[in-house]
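# Observations on chain architecture
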Amino acid sequence: VQLVESGGGLVQPGGSLRLSCAASGFTFSSYTMSWYRQAPGKERELVATITGAGGRVNYADSVKGRFTISRDNAKSMVYLQMNNLKPEDTAMYYCYAVRQIATFQTVEYWGKGTLVTLSS
């Protein structure tokens, strides 16, 4: 099983980036996919989530209206389009997959992250 993020980098405030996460080794369409981020010295936080069929999405209040999560089940890819980036968006961004297999039992996978840095 692998989740491999890409697309991070150095960007100026107000700029845009598109993060990608390539999944392999599991039935991608059966998993809810999310992006998390962790800024230096802070706890990891949920940024956005998309259900397996892509019918439902949710966002953290801090990114609503600026970020868009999407997925392509045929390619086993999930994306995070980030617009109007702010300095507080600087963080390591992680791809996360989860599937509930029984009551109170889930299977989950994490990627290793891609770094997004806002320049001053």
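About the criteria used
- Residues numbered from 1 in each chain as written.
- Predicted model: local features only at pLDDT ≥ 70, side-chain atom pairs only at ≥ 80, totals over all residues.
- Heavy atoms only, no water.
- Helix = DSSP H or I, 4+ residues; strand = E, 2+ residues; numbered from the N terminus.
- Buried < 20%, exposed > 50% of the residue type's maximum accessible area, 1.4 Å probe, protein only.
- Contact = heavy atoms within 4.5 Å.
- Phe/Tyr/Trp six-rings, centres within 6.5 Å; stacked < 30°, edge-to-face > 60°.
- Lys NZ or Arg CZ within 6 Å of the ring centre and 35° of its normal.
- Pairing = 2+ DSSP bridges.
- Axes fitted to C-alpha atoms, helices over the stretch in contact; angles between N-to-C directions.
- Core = buried A, V, L, I, M, F, W, Y, C linked by side-chain atoms within 4.5 Å.
- Lys, Arg positive; Asp, Glu negative; His and termini not counted.
- Salt bridge = Lys/Arg side-chain N within 4 Å of Asp/Glu carboxyl O.
- Polar contact = N/O pair within 3.5 Å; in protein donor to acceptor, adjacent residues only side chain to side chain.

Its place among the elements puts Ser24 in strand β3 (residues 17-24). The partly exposed category is assigned to Ser24, whose relative accessible area is 33%. Apart from the residues lying within four places of it in its own chain, the contact partners of Ser24 are Val1 and Gln2.

Let's shift gears to the packing of aromatic side chains. Using the criterion set out here, one finds eight aromatic pairs in the structure. Ring plane angle 50° and centroid distance 6.4 Å describe the contact between Phe26 and Phe28, whose orientation is recorded as tilted. Judged by centre distance (4.7 Å) and plane angle (65°), the ring pair of Phe26 and Tyr31 falls under edge-to-face. The exposure class assigned to Phe26 is buried, which follows from its relative accessible area of 14%. Through successive ring pairs, a cluster of aromatic residues spans Phe26, Phe28, Tyr31 and Tyr109. Across the ring face of Trp110, the terminal group of Arg44 is positioned such that the distance to the ring centre comes to 4.6 Å.

Let's shift gears to the sheet that holds strand β8 (residues 77-82). The antiparallel open sheet is built from four strands, whose spatial order is β1-β3-β8-β7. For this open sheet the edge positions go to β1 (2-6) and β7 (67-72), each flanked by a neighbour on one side alone. Strand-to-strand, the axes of this sheet are offset by a mean angle of 15°, without reference to chain direction. Pairing analysis gives six bridges linking β7 to β8, with the strands arranged antiparallel. Paired with Asp72 across the strands is Met77, a residue of β8.

The next point concerns the environment of Ala22. Note that Ala22 resides in strand β3. A C-alpha to C-alpha distance of 6.5 Å links Ala22 and Glu5, two positions 17 residues apart in sequence. Aside from chain neighbours lying at most four places away, what touches Ala22 is Gln2, Leu3, Val4, Ser76 and Met77.

Our next topic: the nonpolar core. Within the largest apolar cluster, 29 residues are counted, with the highest numbers of intra-cluster contacts made by Met33, Trp35, Val78, Leu80, Met82 and Tyr93. Elements supplying a minimum of two residues to this core: β3, β4 (32-38), β5 (45-50), β7, β8, β9 (91-102) and β11 (114-118).

With that out of the way, let us pick up the side chain of Glu5. Its location among the elements puts Glu5 in strand β1. Despite its burial, Glu5 pairs with no opposite charge, the nearest such side chain being Arg44 at 7.7 Å. A distance of 2.7 Å separates a polar side-chain atom of Glu5 from the backbone nitrogen of Cys95. At 3.1 Å, the side chain of Glu5 and the backbone nitrogen of Lys112 are in polar contact.

Our next topic: the pattern of salt bridges. The tally for this structure, following the rule as stated, stands at four salt bridges. Here Arg37 and Asp89 are joined by a salt bridge, their closest N and O atoms 2.8 Å apart. Of this pair, Arg37 sits in strand β4 while Asp89 sits in the loop between β8 and β9, and the two are 52 residues apart along the sequence. No difference in accessibility class separates Arg37 from Asp89, as the two residues are buried.

Nothing here speaks to function; it is all geometry.
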